[in-house]
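Each chain, written out:
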Amino acid sequence: MHWQTTRFRIDLTRPRVMGIVNLTPDSFADGGAHAGFDAAIAHCRQLLEEGADILDLGAESTRPGALPVTAEQELVRLLPVLREALALGCPVSVDTSKPAVMREALAHGADVVNDINALQASGALELIAAHPNCGVCLMHMRGNPASMQDRPHYDDVVDDVAAFLRERRAALQARGVAADRIVLDPGIGFGKSVAHNLELLGRQRELIERLGSASAVLVGWSRKSTLGAITGRAVGQRQAASVAAALAAVQAGARIVRVHDVAATVDALKVWQAAGLGNG
Ligand code: HH2
């Protein structure tokens, strides 16, 4: 199994770590600590030294209740860092839902478009389909970041997430995008209660079976509020819980984990692999 992206064919026979680089002043998880250009590039370099396989650059906050920014504001934050990050020799993903930002990011050579809105914006599917080989991550979300935590309800969260992700993948494939370019994400914390998130982890194997083997699953548990609800810890103190959740997700078949705490996650995965648990 692999993930085809613009410049890299990422081997997924071992699980991969996507390191989060937030370029927003209002990120829920790191409070904007890496928002300036120099701080962002230093953070990219540090995450790579710690063993990140992919960098994910995000210039719009998606925290619950976050207010949207314009494409112009997003591009002003993103493009200088993207140019520099692309020169670091690793796959670079751009976390955006706006076609105008996707278009510019791909024109600059971005390897992956990571869309929490699963390319539902007008023109987004066509834009990805027009690119010869960029990677894409399609994530499930109920509602939008401003409203999504307003009493989410599902008859069966695994059924709903699987059906949605299959439909979005099929829409891309119908436009000629190969399945190996597409990665699917259940969207932990996006329009889901604590119980929904935990059910998605507890039943993750079943979810993956329903999605089929054509595309890998990526998951992001890092520092999310469900971990706070379980441990009682504030966002900056959820490293151990985040590593545990990432490892559980990998054990249950996820091939890519999106994390803030790269060094700790990489160490945990090394132990997991050394024990042979990654061999099927
Ligand atoms: N979570 C966040 C943002 N983007 N992308 C994918 N594919 N999966 C996720 O779970 C996901 C995501 C939210 O986390 P974070 O980037 O830490 O927060 P913020 O958006 O507030 O900066």
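Coordinates for the structure precede this section.
Owing to the predicted nature of the structure, the values given are computational and were not obtained by experimental measurement.

Draft legend 1. Representation of the overall build of the protein in the model. Counting its regular elements, the protein contains 10 helices and 10 strands. Against the 2.2 N^0.38 benchmark of 19 Å for 280 residues, the protein shows a C-alpha radius of gyration of 17 Å, consistent with a compact globule. Going through the 280 residues of the protein one by one, you find that 56% of them count as buried. Expressed as a percentage of contacts within the protein between residues at least 6 apart in sequence, the contacts between residues at least 24 apart total 70%.

Draft legend 2. Structural view of a nonpolar patch on the surface. A cluster of nonpolar side chains, V194, L198 and I230, forms an exposed patch at the surface whose accessible area comes to about 240 Å². Locating V194 in the fold gives a position in helix 6 (residues 194-202).

Draft legend 3. View of the packing of helix 5 (residues 157-173) against helix 6. Viewed as axis vectors pointing N to C, helix 5 and helix 6 meet at an angle of 70°, and their least axial separation amounts to 9 Å. Relative to helix 6, the element helix 5 is oriented roughly perpendicular. Taking contact as the criterion, the partners of V157, V158 and V161 in helix 5 are, on helix 6, H196, E199 and L200. Grouping the amino acids of the contact of helix 5 with helix 6 by side-chain chemistry returns four nonpolar, one polar and one charged.

Draft legend 4. Spatial organisation of the sheet that holds strand 9 (residues 218-219). One open sheet holds the eight strands; their spatial order is 8-7-6-5-4-3-10-9, and the pairing between them is parallel. On the outer flanks of this sheet lie strand 8 (182-185) and strand 9, each paired with one strand and no other. Where helix 1 (residues 37-49) meets the sheet, it contacts strand 3 (16-22) and strand 4 (54-58), and its direction lies at approximately 165° from that of strand 3. Of the strands in this sheet, strand 3 and strand 10 (256-259) touch helix 10 (residues 262-274), which is tilted by about 175° from strand 3.

Draft legend 5. Representation of helix 5 in the model. With 17 residues, helix 5 should reach 24 Å at 1.5 Å per residue; the first-to-last C-alpha distance of 24 Å fits that figure. Listing the buried residues of helix 5 in full gives V157, V158, V161, A162, F164, L165, R168, R169, A171 and L172. Residues of helix 5 that are buried in the fold lie against helix 4 (124-130), strand 7 (135-139), strand 8, helix 6 and helix 7 (204-211). At the N-terminal boundary of helix 5, the capping side chain belongs to D156, with an oxygen 3.0 Å from the backbone nitrogen of V158.

Draft legend 6. Expanded view of the site of the ligand. Taken together, the neighbourhood of the ligand is formed by 19 residues, with T62, D95, N114, D185 and K224 sitting nearest. In this structure, an oxygen atom belonging to the ligand sits 3.1 Å away from a side-chain N or O atom of S61. One of the side-chain N or O atoms of H260 is found 2.8 Å from an oxygen atom in the ligand. For the ligand, the accessible surface in isolation is 480 Å², of which the surrounding protein chains cover 99%. When grouped by side-chain class, the residues that make up the shell around the ligand number seven nonpolar, seven polar and five charged.

Reading the values: rules and limits
Residues numbered from 1 in each chain as written. Predicted model: local features only at pLDDT ≥ 70, side-chain atom pairs only at ≥ 80, totals over all residues. Heavy atoms only, no water. Helix = DSSP H or I, 4+ residues; strand = E, 2+ residues; numbered from the N terminus. Rg over C-alpha atoms; globule rule 2.2 N^0.38 Å. Buried < 20%, exposed > 50% of the residue type's maximum accessible area, 1.4 Å probe, protein only. Contact = heavy atoms within 4.5 Å. Patch = residues over 30% accessible without salt bridge, like charges linked within 9 Å, V, L, I, M, F, W, Y side chains within 5 Å. Areas by Shrake-Rupley, 256 points an atom, 1.4 Å probe, with all protein chains shown as cover. Salt bridge = Lys/Arg side-chain N within 4 Å of Asp/Glu carboxyl O. Axes fitted to C-alpha atoms, helices over the stretch in contact; angles between N-to-C directions. Parallel < 35°, antiparallel > 145°, perpendicular 65-115°, else oblique. Nonpolar A, V, L, I, M, F, W, Y, C, P; charged D, E, K, R; others polar. Pairing = 2+ DSSP bridges. Expected span 1.5 Å × (residues − 1). Polar contact = N/O pair within 3.5 Å; in protein donor to acceptor, adjacent residues only side chain to side chain. Near = heavy atom within 4 Å.

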